[in-house]
Amino acid sequence: MSEAVIAQTAPYEMELEPGTYYWCACGRSKDQPRCDGSHAGTGFEPLAFKVDKPGKVWLCGCRRTKTPPFCDGAHQSLKEGA
Ligand code: FES
């Protein structure tokens, strides 16, 4: 399995309603941060997560978070290393 693509070096701030969502784990989706099926053949699978109440979330854009699908600040080290 190759490394996930860095879609962006910032989180995706989103207002979500209760429901189940599929976060793109491979970084290849054209509909970031949602899975669009572009992971086919990469060995990656989308990560399903549930939202219980409406509210704001910050989803990882760099795919280096240790708490997927949520941002943990890992993108900061990518920016510093760039
Ligand atoms: Fe990235 Fe599906 S497109 S996990």
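Quick note: structure is the one above.
## Remarks on the nonpolar core
Counting 16 residues, the largest nonpolar core has Met14, Leu16, Trp23, Phe44, Phe49, Val57 and Leu59 as its most contacted members. Counting only elements with at least two residues in this core, the list comes to strand S1 (12-16), strand S3 (47-51) and strand S4 (55-59). The greatest single-element share of this core, amounting to 3 residues, is contributed by S1.

## Comments concerning the environment of glycine 55
Within the secondary structure, glycine 55 is located in strand S4. Taking the C-alpha atoms as reference points, glycine 55 and glutamate 17, separated by 38 residues in sequence, lie 6.8 Å from one another.

## A short note on the packing of aromatic side chains
The relation between two aromatic rings is expressed through the spacing of the ring centres and the mutual angle of the planes. In total, this model carries 2 aromatic pairs according to the counting rule given. Centroid distance phenylalanine 49 to phenylalanine 70: 5.8 Å. Interplanar angle 75 degrees. Geometry classified as edge-to-face. Separated by 21 residues along the polypeptide, phenylalanine 49 in strand S3 and phenylalanine 70 in the loop between S4 and helix H1 (75-81) bring together distant segments of the chain. Phenylalanine 70 sits in the partly exposed class, given a relative accessible area of 34%. Aromatic rings pair up to connect Tyr21, Phe49 and Phe70 into one cluster.

## A closer look at the side chain of glutamine 32
Position of glutamine 32 among the secondary structure elements: in the loop between strand S2 (19-23) and S3. Among the polar contacts listed, one links the side chain of glutamine 32 to the backbone oxygen of glycine 27, at a separation of 3.4 Å. Within the structure, the side chain of glutamine 32 is placed 2.9 Å from the backbone oxygen of serine 29, a separation counted as a polar contact.

Cut-offs used in this document
Residues numbered from 1 in each chain as written. Predicted model: local features only at pLDDT ≥ 70, side-chain atom pairs only at ≥ 80, totals over all residues. Heavy atoms only, no water. Core = buried A, V, L, I, M, F, W, Y, C linked by side-chain atoms within 4.5 Å. Buried < 20%, exposed > 50% of the residue type's maximum accessible area, 1.4 Å probe, protein only. Helix = DSSP H or I, 4+ residues; strand = E, 2+ residues; numbered from the N terminus. Phe/Tyr/Trp six-rings, centres within 6.5 Å; stacked < 30°, edge-to-face > 60°. Polar contact = N/O pair within 3.5 Å; in protein donor to acceptor, adjacent residues only side chain to side chain.

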